[in-house]
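Tertiary structure, described
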Amino acid sequence: MTTTATNPLDALVTHLQETALLSTSNNLLDWDQETMMPGGGLEWRARQQALIARMVHERASSLERGDLIAAVESNAKFMAEPQTAALVREAKRDYTKATKLPSSLVEEMAKTSSMAKHEWAEARAASDFKRFAPWLEKLVGLLRAQADCYGVPAGGERWDALADLYEPGCTAKYVAGVFEPLRPRLQKLIADIKSAPRKPADGFNDYFVGIDQQEALSKLVAQSIGFDFNRGRLDRSTHPFCGGTHCNDVRMTTRYNERCVNDALGSTMHESGHGIYEQGLDFSRIGTPLGESVSLGIHESQSRMWENQVGRSRAFWSWLATKLPSTIGADASRFTLDELYGAANVVEPGFIRVEADEATYNLHVMVRFEIERAVIGGSLEVAGIPSVWNKLYKDLLGLEVPDDRRGCLQDIHWSMGAMGYFPTYTLGNLYASQLFEAACEQMPGLVDGFSRGEFAGLKKWLNENIHVHGRRYAPSELVQRVTGKPLSAEPLMRHLEGKLRPLYGI
Ligand code: ZN
């Protein structure tokens, strides 16, 4: 053992934190690549990231790490403390996963995905799937190899081994079981909306607002709902994301469309939800599993709650209406509250997932789940993705996809080597609805407060009930603890039906 510390627990924490110092450097390189780096820097950046990924993996799978975990685990005094027991449980889970992957595969994946991300951006701009296909084939090969290293769970499939990285315990069978009953209920609601007797006024969605003004508004909203700009930033990128190195340096991005300020508002509130979660992690535990978010599904519940339950509520818009003239111009005061609220809640099937309304959003996720499950399972070739994608959009959303840019090239995820990730978006919507119902029950008047710009109560509730625990509880356990019930689709359907049926008069 090379680490010198007074006891094995301190030594384990030091080992974990030093590994995190290294791995979070890669997060910063990611952020830089998406926001600042000139294209010429790509090849060197790919080598930087691959080297760091390999070094992180070597530490995370080292004998030293294994010995430290075993030493703490065998000490009854340490393990009697619930936080330590949780830390060891999660450190062991990560260690077991890391030891199953050879360093060469980790390095190859990092290098390939770094290059593939760039190729994806070029292919997307040119709407040319054929350009991206060889890279995606390479990534799929690496992902299959990765899944085989982790091992397919009994009765499961390769996809499960990848999904478990993002949502512990998540399997394709479980996801399909959640999606199947949800799909007809969403399709019925969308069909009713399509033939509704009235539509909300949506003039604000065509209202031209300059990008600098939109940025000022986005920053005001992010700050008002609780994102701390002393410990974070908001920049621009092609694909909005939230990254950074730890709770005191959170880097989020958004993108602006001069013809639709609601796009930037929605994505800023979404990323702010992620950012507020990251900033809410316990700094004294940073670098250990107790200072990390519990799963992508729970992470997404935080972003979707601020974006939808808060950001598309009438109360929120009655507050925001008072801020529009000073940020985006006095002319904005001509929109009534009904028009602003209506514009935020237009339901209309579209091609782009990140621009989708709350009702159609989950259908976009179902398309991706079906495709990646088939690609990883081997029943669909990469070359066949565009035609299957387009067919599913026709079947589920009734749309003819005009080109790959607005079709299967729109998302960055697969280019990053992330498959098994998309369903966490819908799980996040389900968690968000259930958690928000619990917050409203526990804090009467919560939603009314939004109309006065009072968001601190919800942020504090999330800090205390979700963020501060890190990975202490498994996602399902966390939801059960906070809401008193297991995860269910009912709160999401209640939220959607309760808002959209009155708005559309159906
Ligand atoms: Zn998100």
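Please refer to the structure placed before this passage.
Along each chain, residue indices are assigned from 1 in the same order as the chain's sequence is written. Selection of residues for local features in this predicted model requires a pLDDT of at least 70, selection of side-chain atom pairs for listing and counting requires 80 or more, and totals for whole chains, interfaces and linings are taken over all residues. The basis for the side-chain values is all heavy atoms of the structure; hydrogens and waters are excluded.

Quick look at the coordination of the zinc ion now. In an ideal octahedron of six donors the angles at the metal are 90 or 180 degrees, and in an ideal tetrahedron of four donors they are 109.5 degrees. Only N, O and S atoms count as donors, using a 2.8 Å limit from the metal and a wider 3.2 Å limit for Na, K and Ca, and since water is excluded some coordination spheres may look unfilled. Taken together, His270 (NE2), His274 (NE2) and Glu300 (OE) make up the protein donors of the zinc ion, found 2.1 to 2.2 Å from the metal. Residue burial is assigned from relative accessible area. The probe radius is 1.4 Å, only protein chains are included, and a residue is buried under 20% of its type maximum, exposed over 50%, and partly exposed in between. With relative accessibility at 3%, the residue Glu300 sits in the buried group.

For the rest of this paragraph, the subject is the nonpolar core. Grouped together as the largest cluster of nonpolar side chains are 132 residues, with contacts concentrated most on Phe204, Ile385 and Leu458. Here this core gathers at least three residues from each of two domains, domain 1 (8–151) and domain 2 (172–358 + 424–504). Contacts of Phe204, omitting those with residues within four sequence positions, involve Val261, Asn262, Trp317, Leu324, Ile328, Phe335, Leu340 and Ala343. Counting 14 residues, the second-largest nonpolar core is a separate cluster that includes Ala11, Leu12, Leu68 and Leu290. Among buried residues, those of type Ala, Val, Leu, Ile, Met, Phe, Trp, Tyr and Cys that are joined through side-chain atoms within 4.5 Å constitute a nonpolar core. Domain limits in this description derive from either an automatic procedure or a database domain assignment. Contacts between residues were defined by any pair of non-hydrogen atoms, one from each residue, lying within 4.5 Å.

Bringing the side chain of Ser301 into the picture now. Strands are runs of DSSP state E lasting at least two residues, helices are runs of H or I lasting at least four, and both sets are numbered from the N terminus onward. Structurally, the position occupied by Ser301 is in helix 12 (residues 296–310). Classification of Ser301 as buried rests on a relative accessible area of 0%. Among the polar contacts made by the side chain of Ser301, one reaches the main-chain carbonyl oxygen of Ile298 at a distance of 2.6 Å. Excluding its chain neighbours within four sequence positions, the residues that come into contact with Ser301 are Gly428, Tyr431, Ala432 and Leu435. In protein, a polar contact means a hydrogen-donor-capable atom and an acceptor-capable atom, both N or O and within 3.5 Å, with residues adjacent in sequence counting only if both atoms are side-chain atoms; elsewhere, any N or O pair within 3.5 Å suffices.

Time to look at helix 6 (residues 103–126). An α-helix turns once per 3.6 residues; consequently, residues spaced three or four apart project the same way. To estimate how far a helix should extend, the number of its residues minus one is multiplied by 1.5 Å. Look at helix 6: 35 Å from first C-alpha to last across 24 residues, which is about the 34 Å you get at 1.5 Å a residue. After helix 6 finishes, the residue Ser127 shows a positive phi value of roughly 50 degrees.

Think of a salt bridge as a Lys or Arg side-chain nitrogen and an Asp or Glu carboxyl oxygen that are within 4 Å of each other. Counted by the stated rule, this structure contains 39 salt bridges. Here Glu73 ties to Lys92 by a salt bridge, and the two come within 3.0 Å at their closest N and O atoms. Highlighted residues: Glu73 in helix 3 (residues 63–73) and Lys92 in helix 5 (residues 82–100), separated in sequence by 19 residues. According to the relative accessible area criterion, Glu73 is partly exposed, its value standing at 35%. Between Glu400 and Lys394 there is a salt bridge, with the nearest N and O atoms lying 3.5 Å from each other. In this structure Glu400 comes out as exposed when scored by relative accessible area, which is 57%. Salt bridges sharing partners connect three or more residues here, namely Arg89, Glu90, Asp94, Glu292 and Arg471.

Under the 1.5 Å per step criterion, the end-to-end length of helix 17 (residues 385–397) is 17 Å for 13 residues, consistent within 8% with the ideal 18 Å. Looking at the residues trailing helix 17, positive phi occurs at Gly398, about 70 degrees.

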